[in-house]
Amino acid sequence: GKPGIRFFEGFIGVQHVLNDSLSAKEIIRTYADVAAIRTYIPDINATYVKERARRKVEKRGLVPDTEENRGFVRGYDGTFKGVTDTKFIQCDKAPFSTVMQIYDNKVSYISLGTEHLIGVILEDPRIYTMHKTLFDHLWAVAPEISEVAGARSNTA
């Protein structure tokens, strides 16, 4: 009845946590601080995204609605298209320098920064279901990117 918990450190640990999701049998749900990913693990992430695209592992991402994140999403190239769907959420506390992924009865966390890179994979069906349910609710109420862009341009 205890959840399985695996703990990882450093660049290799972060890479291991990301790569664990490459075998996902369902759409990966993720909360991500794109700025932190681009700052601390850009090469690891680029390799991960290419492999995820090659395997056709789909992902839905909720990211804080910031100008930097908007620019990143606008710049999605062919690697992202078809395997990544993104929506923005209002987040007064951005950046949060973490990534959470929800898939296959697992919830993984990556904490990014200059001092420590830490990854955790937690496997428990009840914890997974709670996070999946919360993500799916936020996904359902988050506006499509085109709606957000239109709202921004109308107020500028």
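Here, every reference points to the structure presented above.
Predicted model, so just to flag it, every value in this text is computed and none were measured.

K.L.:
Would you explain the overall build of the protein in this entry?
P.N.:
Across its full length, the protein holds six helices and seven strands. Reading the protein from its N terminus to its C terminus gives the helix and strand order β-α-β-α-α-β-α-β-β-β-β-α-α. Of the contacts made within the protein by residues no fewer than 6 positions apart, 77% connect residues no fewer than 24 positions apart. Of the roughly 8700 Å² of accessible surface on the protein, a fraction of 54% belongs to carbon and sulfur atoms.

K.L.:
Mind showing me how you'd approach the environment of Tyr103 here?
P.N.:
Structurally, Tyr103 can be placed in strand β5 (residues 98-103). Taking the C-alpha atoms as reference points, Tyr103 and Tyr128, 25 residues apart in sequence, are found 7.5 Å from one another. Setting aside chain neighbours within four positions, we find Tyr103 in contact with Val17, Asp20, Ser21, Ala24, Glu26, Ile28, Ser108, Ile121 and Tyr128. A distance of 2.6 Å separates a polar atom in the side chain of Tyr103 from a polar atom in the side chain of Asp20.

K.L.:
Honestly, the packing of aromatic side chains in this entry has me stumped. Any pointers?
P.N.:
The geometry of two aromatic rings is summed up by the distance between their centres and the angle between their planes. Counted under the stated rule, the structure contains two aromatic pairs. Taken together, a centroid distance of 5.9 Å and an interplanar angle of 15 degrees make the contact between Phe135 and Trp139 stacked. One end of the pair, Phe135, and the other, Trp139, are both in helix α5 (residues 125-141), four residues apart, so they sit about a helical turn from each other. Comparing Phe135 with Trp139 shows no difference in burial state: the two are buried. Here the aromatic residues Tyr31, Phe135 and Trp139 are joined through ring pairs into a cluster of three or more.

K.L.:
Help me understand the environment of Pro3, please; the structure alone is not making it clear to me.
P.N.:
Looking at the secondary structure, you find Pro3 in the segment before β1 (4-9). We classify Pro3 as partly exposed; its relative accessible area is 34%. Between the C-alpha atoms of Pro3 and Arg126, which are 123 residues apart in sequence, the distance is 9.2 Å. Discounting residues that sit within four places of it in the chain, Pro3 has contacts with Leu122, Glu123 and Asp124.

K.L.:
How do you make sense of the sheet that holds strand β3 (residues 59-64) when you look at a structure like this?
P.N.:
Strands sit in the order β1-β7-β6-β5-β2-β3-β4 across an open sheet of seven strands; the sheet is mixed. Either end of the sheet is taken by a strand with one partner, and the two such strands are β1 and β4 (84-89). Across the sheet, the mean angle from the axis of one strand to that of its neighbour is 15 degrees, orientation sign disregarded. Bridge count for β5 against strand β6 (residues 106-111) is six bridges, and the pairing is antiparallel.

The rules behind these values
- Residues numbered from 1 in each chain as written.
- Predicted model: local features only at pLDDT ≥ 70, side-chain atom pairs only at ≥ 80, totals over all residues.
- Heavy atoms only, no water.
- Helix = DSSP H or I, 4+ residues; strand = E, 2+ residues; numbered from the N terminus.
- Contact = heavy atoms within 4.5 Å.
- Areas by Shrake-Rupley, 256 points an atom, 1.4 Å probe, with all protein chains shown as cover.
- Polar contact = N/O pair within 3.5 Å; in protein donor to acceptor, adjacent residues only side chain to side chain.
- Phe/Tyr/Trp six-rings, centres within 6.5 Å; stacked < 30°, edge-to-face > 60°.
- Buried < 20%, exposed > 50% of the residue type's maximum accessible area, 1.4 Å probe, protein only.
- Pairing = 2+ DSSP bridges.
- Axes fitted to C-alpha atoms, helices over the stretch in contact; angles between N-to-C directions.

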